[in-house]
Amino acid sequence: MPARGVVLSMGAVRVLVLAMGGTISMDQGSEGAAPRFGGEELLASLPGLPPSADVHVETMGRASSENLDVGAMLGVAERIRRARDSYGGVVVTIGTDALEELAFALDVVLDVELPVVLTGALRNSSVPSADGPANVLDAICVAASPAARGLGVLVVFNQEIHAARFVQKAHTFALDAFRSDPCGPLGWIVEERPRIAHRAAAPPIRVALDAGASVPYVALATTFGGDDGRTLGGFEREDVAGLVIQTLGSGHVSRALVEPLTRLAQRIPVVYASRIPFGDLFTDTYAYPGAEIDLLSRGLICSGALGGPKARALLALLLASGATREQIARVFADSRGG
Ligand code: ASP
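Residues numbered from 1 in each chain as written. Predicted model: local features only at pLDDT ≥ 70, side-chain atom pairs only at ≥ 80, totals over all residues. Heavy atoms only, no water.

Participant: Summarise the site of the ligand; cite the residues concerned and give the values.
Facilitator: For the ligand, the full set of nearby residues is Gly-22, Thr-23, Ser-64, Ser-65, Glu-66, Gly-95, Thr-96, Asp-97 and Ala-121. At 2.5 Å from an oxygen atom of the ligand is found a side-chain nitrogen or oxygen belonging to Ser-65. Contacts to the ligand include Thr-96, whose side-chain N or O atom sits 2.2 Å from an oxygen atom. For the ligand, the accessible surface in isolation is 260 Å², of which the surrounding protein chains cover 89%. Across the shell around the ligand, the residue classes break down as one nonpolar, six polar and two charged. (Near = heavy atom within 4 Å. Polar contact = N/O pair within 3.5 Å; in protein donor to acceptor, adjacent residues only side chain to side chain. Areas by Shrake-Rupley, 256 points an atom, 1.4 Å probe, with all protein chains shown as cover. Nonpolar A, V, L, I, M, F, W, Y, C, P; charged D, E, K, R; others polar.)

Have a look at this one:
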């Protein structure tokens with residue numbers, strides 16, 4: 001008997017493609033690249049479709065991802081929940097610039113078994129060797145694969161299959177821009193066949209939210225050596241519900257930031273992440289003013305292994321769910337696993 005949600009017709013799995021915009025929906029145009037195509041045009045541009053999939057498409061938007069906040073993913077999650085009984089897998093085509101936090105946000109709010117695969121393009125459709133068609137075909141193959149069920153939200157680029165939990169955009173334009181250091185991709189695609197090499201052992205991070213939830217404004221700031229504190233000036237506003245500060249190294253800020261951060265942490269949740277893309281934050285090594293032991297004693301929360309954009313997404317979703325400061329600290333602590 002087929003697993004729930006997998007509808008088999010002539011051996012093909014029904015796959016829903018949700019098109020949201022990004023470079024994959026662009027051509028060069030007369031004035032430069034901008035989102036133009038909907039999902040129908042995107043599928044029509046493909047050389048063919050994999051026989052493993054019976055593909056249906058819906059256009060959800062033509063946005064560049066800079067204009068999508070994590071709240072936009074609540075509507076996508078709702079559409080996927082409604083699709084799970086009639087489709088065996090879902091592909092979301094989207095811009096790459098904010099994909100890291102948008103894919104992660106979707107993973108946090110969406111608790112479904114069927115494969116959900118995000119993809120996009122680094123090169124628009126007018127550029128020689130545009131990568132959009134190959135990426136979307138690979139993503140469809142993954143979405144149609146029973147091996148990809150239960151892996152959480154996936155991100156497919158450059159023939160690699162990444163977990164949304166770990167992937168980051170680590171290069172501005174390279175075809176292998178998406179990387180999951182230090183654990184690497186979960187698998188790859190060869191001859192239209194997904195190969196899953198390993199599964200994440202870390203327990204999933206979940207926040208229950210429905211599509212109507214309103215997501216408050218959470219700020220993301222980056223500091224630097226010798227910062228005199230002006231970086232934090234704008235965050236005293238009442239309508240800033242939380243702050244993620246991307247520190248230096250493994251959780252270190254200049255002495256001048258300590259008092260302003262302490263004041264903020266008395267009013268709103270303040271999470272410290274790192275401006276370095278990969279590597280966990282420390283909690284108990286350095287003790288001087290502005291280092292992690294000092295920041296923790298002043299009420300800041302450690303982001304664990306989550307980078308700034310993911311930590312910001314998680315904090316915004318937790319605040320939207322009504323979580324208390326203690327609950328927020330617990331979720332970030334648990335997200336470290338082991
Ligand atoms: N700025 C575009 C976007 O993120 C670039 C891309 O799609 O990669 O939508």
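Participant: Describe in detail empty space enclosed by the protein, supporting the description with residues and values.
Facilitator: Taken as a whole and judged by the stated rule, the model has two cavities of 30 Å³ or more. Taken as a whole, the largest cavity encloses approximately 50 Å³ of empty space. Its residues placed into classes, the lining of the largest cavity shows six nonpolar, two polar and three charged. There is about 40 Å³ of room inside the second largest cavity. What lines the second largest cavity is Gln-168, Ser-274, Ile-276, Pro-277, Phe-278, Gly-279, Leu-281, Ala-305, Leu-306 and Gly-307. (1 Å grid on protein atoms, 1.4 Å probe; cavity = no way out; pocket = protein on both sides within 12 Å on 5 of 7 lines; lining within 4 Å. Points joined across faces, edges and corners; volume = space filled by probe spheres on them.)

Participant: Describe in detail the pairing of strand β7 (residues 116-119), supporting the description with residues and values.
Facilitator: Along β7, one buried face is formed by Val-116 and Leu-118 and the opposite face, lined by Val-117 and Thr-119, is buried too. As a crossover connection, the stretch from strand β6 (residues 89-93) through helix α3 (residues 99-109) into β7 is right-handed. Where β7 meets strand β8 (residues 153-157), three bridges bridge the pair, whose relative direction is parallel. The residue bridging Val-116 from the neighbouring strand is Val-153, located in β8. Handedness of the β-α-β unit built from β7, helix α4 (residues 132-143) and β8 comes out left-handed. (Buried < 20%, exposed > 50% of the residue type's maximum accessible area, 1.4 Å probe, protein only. Helix = DSSP H or I, 4+ residues; strand = E, 2+ residues; numbered from the N terminus. Right-handed = clockwise from strand over helix to strand, strands pointing away. Pairing = 2+ DSSP bridges.)

Participant: Which residues make up the packing of aromatic side chains, and what values go with them?
Facilitator: On inspection of all chains with the given rule, the structure shows three aromatic pairs. Between Phe-157 and Phe-178 the ring centres are 4.4 Å apart and the planes differ by 25°, which places this aromatic pair in the stacked class. Of this pair, Phe-157 sits in strand β8 while Phe-178 is found in strand β11 (residues 178-179), placing the two residues 21 residues apart along the sequence. Each of the two residues, Phe-157 as well as Phe-178, counts as buried. Here Phe-282 and Tyr-286 contribute two aromatic rings whose centre-to-centre distance is 6.3 Å and whose plane-to-plane angle is 10°, an arrangement assigned as stacked. Judged by relative accessible area, which is 34%, Phe-282 ranks as partly exposed. An aromatic cluster is present here, built from Phe-282, Tyr-286 and Tyr-288 joined pairwise through their rings. Its guanidinium or amino end placed over the ring of Tyr-87, Arg-14 lies 4.5 Å from that ring's centre, counting from NZ or CZ. (Phe/Tyr/Trp six-rings, centres within 6.5 Å; stacked < 30°, edge-to-face > 60°. Lys NZ or Arg CZ within 6 Å of the ring centre and 35° of its normal.)

Participant: An account of the confidence of the model for the chain is requested, with residue identities and associated values reported.
Facilitator: A low pLDDT means the predicted coordinates there should not be read in detail. Looking at the chain, pLDDT values average 94 and 97% of them are 70 or higher. Scored below 50 in pLDDT, residues 1-9 makes 21 contacts in the model with residues more than four places away or belonging to other chains. (pLDDT = per-residue confidence, 0-100. Contact = heavy atoms within 4.5 Å.)

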